[in-house]
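# Report on the structure
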Amino acid sequence: MFTKDKIFFMAVSAAGIMFFSVKNTDASFEFKPAGARSAALAGAYTGLSGDSEAVWFNPAGLRFSKTVELNSVYTALYGMKDLTYAGFSAVVPTLNAGAWGFGYSSFGYSGYRETDLRVSAAAGIGRGAYLGAAIKNNTLAIKNSGRTSAVGFDAGFIANVTPFFSIGTSALNINRP
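To keep things clear, this report deals only with the structure shown in the data block. (Residues numbered from 1 in each chain as written. Predicted model: local features only at pLDDT ≥ 70, side-chain atom pairs only at ≥ 80, totals over all residues. Heavy atoms only, no water.)

## Some details on the sheet that holds strand β4 (residues 112-126)
Backbone hydrogen bonds hold the strands of a sheet together, and the pairing may be parallel or antiparallel. Here is the rule: Note on pairing: two strands pair once DSSP finds at least 2 bridges between them. Where helices and strands are cited, they refer to DSSP runs of H or I of at least four residues and of E of at least two residues respectively, numbered from the N terminus. Simply put, an axis is a line fit to the C-alpha atoms, just over the touching stretch for a helix, and the angle between two N-to-C directions goes from 0 to 180 degrees.
Strand order in the open sheet formed by 7 strands is β1-β2-β3-β4-β5-β6-β7, with antiparallel pairing between adjacent strands. Since the sheet does not close on itself, it has two edges, and those belong to β1 (69-76) and β7 (165-171), each with one partner. On average, adjacent strands in this sheet sit at an angle of 15° to one another, irrespective of strand direction. As defined by bridge partners, strand β2 (residues 84-93) adjoins strand β3 (residues 99-109) across 10 bridges and the pair is classed as antiparallel. Bridge assignment links Val-91 to a residue of β3, and that residue is Gly-101.

## So, the pattern of salt bridges
This is how the line gets drawn: The salt bridge criterion pairs a side-chain nitrogen of Lys or Arg with a carboxyl oxygen of Asp or Glu, the two atoms within 4 Å. Buried means the residue's accessible area, taken with a 1.4 Å probe over protein chains only, is under 20% of the maximum for its type, while exposed means over 50%, and partly exposed covers the values in between.
Applying the stated criterion across every chain yields a total of 3 salt bridges. Between Arg-118 and Asp-154 there is a salt bridge, and its shortest N-O distance comes to 3.1 Å. Here Asp-154 lies in strand β6 (residues 146-162) and Arg-118 lies in strand β4, a separation of 36 residues in the sequence. Like Asp-154, Arg-118 is buried.

## Some details on the nonpolar core
Test applied: Nonpolar cores were defined as sets of buried Ala, Val, Leu, Ile, Met, Phe, Trp, Tyr and Cys residues, with membership established by side-chain atoms within 4.5 Å. Contacts are residue-level and defined by heavy atoms, with any inter-residue pair within 4.5 Å sufficient.
Core analysis: the biggest nonpolar cluster contains 10 residues, these being Ala-34, Tyr-45, Ala-54, Val-55, Trp-56, Phe-57, Leu-62, Val-91, Ala-99 and Ala-122. Here this core gets 4 residues from one element, more than from any other, and that element is helix α4 (residues 54-57). Those residues in contact with Ala-99 that sit more than four places away from it in its chain are Leu-62, Arg-63, Val-91, Val-92, Pro-93, Thr-94, Ser-120, Ala-121 and Ala-122.

## Looking at the packing of aromatic side chains
Our working definition: Only centres within 6.5 Å qualify two rings of Phe, Tyr or Trp (six-membered ring in Trp) as a pair; their planes then separate them into stacked at under 30 degrees, edge-to-face at over 60, and tilted for everything else.
This structure, assessed with the given rule, holds 1 aromatic pair. Seen in terms of ring centroids, Phe-64 and Tyr-130 are 4.9 Å apart; in terms of plane orientation they differ by 65°. Their pairing is edge-to-face. Note that Phe-64 is positioned in the loop between α4 and β1 and Tyr-130 in strand β5 (residues 129-142), a separation of 66 residues in sequence. Of the residues examined, Phe-64 reaches a relative accessible area of 24% and is grouped as partly exposed. A residue is classified by how much of its surface remains accessible, and Tyr-130, at 17% relative accessible area, is buried.

Encoded structure:
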C-alpha cells in the first residue's frame, strides 16, 4: 500500500506537472472529446479513465479495462453534413503484457482533413500505480496544397490512493510534433 510520504510525493508531482504545463494555441489537431463519459468529466477523466476512451486522454487508464472494449463517435458539426468528426477506439487487456489500445479519428471535410492514428500501451508499476504511453501519427491533408504527417508521443500516470480516490496526469504531444 502507499505510505503517506509516497502519496504526498505523487500529489506534489501531479500538481507540479499541471501547474507548470503550458497550453499552446492549437491551429489544428485541437483536442476533441471521444465519447460521452470523457466529455462529461472533462479534465477529471485523466484521473478516472478506465475504458477505451483512455487512448485519447491518459494511456495509463487502459490498464483498468477488464474486457475488450470498443468505442465510436460520429458527429456532423454545426449541423453541416460535410463537416464531420468521427472516431474509433479499442482496448485489449492481456494477462501478462498490460493493456493495449488503438485509436483512429478523422475531422474535416473533403478540402481539409485531419486524421489521428495511434497505438497505446499501459502496465502496472506497483500496487495501484500505472504508466501508459502512446505513439501516434497525425496527418493533415489540404486540397490543392498537399499532405503532411508527424509522429507524436503521449504518456500518462494514474495512482489509486484509496479505493474511492485516484490521481492521474498525462502529457500529450511530448515531442511537440
